[in-house]
Amino acid sequence: MSQSAMSETYDFLFKFLVIGNAGTGKSCLLHQFIEKKFKDDSNHTIGVEFGSKIVNVGGKYVKLQIWDTAGQERFRSVTRSYYRGAAGALLVYDITSRETYNALTNWLTDARMLAKLMFLETSALTGENVEEAFVQCARKILNKIESGELDPERMGSGIQYGDAALRQLRSPRRAQAQSAQEYRETSKGNILEENKMLPAQRLFRLRS
């Protein structure tokens, strides 16, 4: 297998959003996460920009497909359209700007349906806690998959299996449902087989 093919091997793909007011450093945060360096010449995002990276989360390789959205009000309707089918979101504000903090209420209204909230202070300049922010969010989603709370096969979940072979895996709930179905089919078969017996055979089986 080539190096490029190996680098694209992953267990799950999660669709993420980076949202928040314009000028809060969303693009710089994404650039630091992917390139491991600060983006000096950052302009306001027009519409939506895209980046991706594979991270190791508890032994599972997860490809984060990250959409960096514009923070200007005139692009708000475009941003909202990307919420559909997203597994999680990073809500960004500038700790030196009260205005961007006050605007969180509006962003939270849009993003609250995606996941529970957590707080982490990061620095796109130094890289402090940047990777941890994305990995923590991915870990929460992965935990929900493993507990059966999230189903990667559900339309619009924002989650996909990476390897086609993993599509054969089932969440705990799906596995339980499958086992129950197999038990019902086996029991039904036993009853039918029992009914086919002659009376003498059935009596012998009951006595044995």
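Check the entry above for the structure.
Now for a look at the structure at hand. (Residues numbered from 1 in each chain as written. Predicted model: local features only at pLDDT ≥ 70, side-chain atom pairs only at ≥ 80, totals over all residues. Heavy atoms only, no water.)

**Examining the overall build of the protein chain**
A tally of helices and strands in the protein chain yields 8 helices and 5 strands. Ordering the α and β elements of the protein chain from the N terminus gives α-β-α-β-β-α-β-α-α-α-β-α-α. Counting every position in the protein chain, which comprises 208 residues, the buried fraction comes to 35%. Residue pairs at least 24 apart in sequence account for 65% of intrachain contacts in the protein chain once pairs closer than 6 positions are excluded. Surface summary for the protein chain: the accessible area is close to 13,100 Å², and the carbon and sulfur share equals 51%. (Helix = DSSP H or I, 4+ residues; strand = E, 2+ residues; numbered from the N terminus. Buried < 20%, exposed > 50% of the residue type's maximum accessible area, 1.4 Å probe, protein only. Contact = heavy atoms within 4.5 Å. Areas by Shrake-Rupley, 256 points an atom, 1.4 Å probe, with all protein chains shown as cover.)

**Topic: unusual backbone geometry**
The backbone of Lys36 shows a phi angle near 60 degrees, a positive value even though the residue is not glycine. Here Lys36 shows up in the loop between helix H2 (26-35) and strand E2 (48-57). For Asn129, which is not a glycine, the phi torsion comes out positive at approximately 65 degrees. Of note, Asn129 is situated in the loop between helix H5 (104-111) and helix H6 (130-147). For Asn129, a relative accessible area of 29% puts it in the partly exposed group.

**Here's the deal with H2**
The buried fraction of H2 amounts to 7 of the 10 residues, a majority that puts the element mostly inside the structure. Three or more residues of H2 are buried, namely Lys26, Ser27, Cys28, Leu29, Leu30, Gln32 and Phe33. Count one or two residues on from H2 and you reach Lys36, which has phi positive near 60 degrees.

**Section: the nonpolar core**
Ranked by size, the top nonpolar core spans 29 residues in total, and within it Phe14, Phe16, Leu64, Ile66, Phe134, Ile141 and Ile159 carry the most contacts. Contributing elements (two or more residues each) for this core: strand E1 (12-19), H2, E2, strand E3 (60-69), H6 and strand E5 (159-161). It is H6 that contributes the most residues to this core, 9 residues altogether. Among residues more than four places away in sequence, those in contact with Phe134 are Phe16, Val18, Leu29, Phe33, Leu64, Ile66 and Leu90. One finds Leu17, Ile19, Ala103 and Ala111 within the second-largest nonpolar core, a separate group that totals 7 residues. (Core = buried A, V, L, I, M, F, W, Y, C linked by side-chain atoms within 4.5 Å.)

**Re the pattern of salt bridges**
Tallied over the entire structure, the rule returns 2 salt bridges. Taking the shortest distance from any N to any O, the salt bridge between Glu131 and Lys36 comes out at 2.7 Å. Separated by 95 residues along the polypeptide, Glu131 in helix H6 and Lys36 in the loop between H2 and E2 bring together distant segments of the chain. One salt bridge connects Lys53 with Glu131, and the closest N-O pair in it is separated by 3.2 Å. Residue Lys53 is found in strand E2, and its partner Glu131 is found in helix H6; the two are separated by 78 residues along the sequence. (Salt bridge = Lys/Arg side-chain N within 4 Å of Asp/Glu carboxyl O.)

**A look at the environment of Asp151**
On the secondary structure map, Asp151 appears in the loop between H6 and E5. A residue is classified by how much of its surface remains accessible, and Asp151, at 22% relative accessible area, is partly exposed. A polar atom in the side chain of Asp151 sits 3.0 Å from the backbone nitrogen of Glu153. (Polar contact = N/O pair within 3.5 Å; in protein donor to acceptor, adjacent residues only side chain to side chain.)

**Looking at the packing of aromatic side chains**
Across all of its chains, the model carries 5 aromatic pairs by this definition. Summarising the aromatic geometry, the rings of Phe50 and Trp67 are spaced 4.8 Å apart at their centres and angled 55 degrees between planes, so their arrangement reads as tilted. Residue Phe50 is found in strand E2, and its partner Trp67 is found in strand E3; the two are separated by 17 residues along the sequence. Each member of the aromatic cluster is reached from another via a ring pair, and the members are Phe12, Phe14 and Tyr161. Above the ring of Phe33, the side-chain terminus of Lys53 is found at 4.6 Å from the ring centroid. (Phe/Tyr/Trp six-rings, centres within 6.5 Å; stacked < 30°, edge-to-face > 60°. Lys NZ or Arg CZ within 6 Å of the ring centre and 35° of its normal.)

**Describing the pairing of E1**
With 8 of 8 residues buried, E1 is to be regarded as a mostly interior element. Burial along E1 is two-sided: the residues Phe12, Phe14, Phe16 and Val18 and Leu13, Lys15, Leu17 and Ile19 are all buried. One ladder, built from 7 bridges, connects E1 with E3; its direction is parallel. Residue pairing for E3: Leu13 is matched across the bridge by Lys63. Sheet analysis places E1 next to E5, joined by 3 bridges and oriented antiparallel. Looking at the pairing, Phe12 lines up with Tyr161 of E5. In terms of strand pairing, E1 meets strand E4 (residues 88-91) through 4 bridges, oriented parallel. Each bridged residue has a counterpart across the sheet, and for Val18 the counterpart in E4 is Leu90. (Pairing = 2+ DSSP bridges.)

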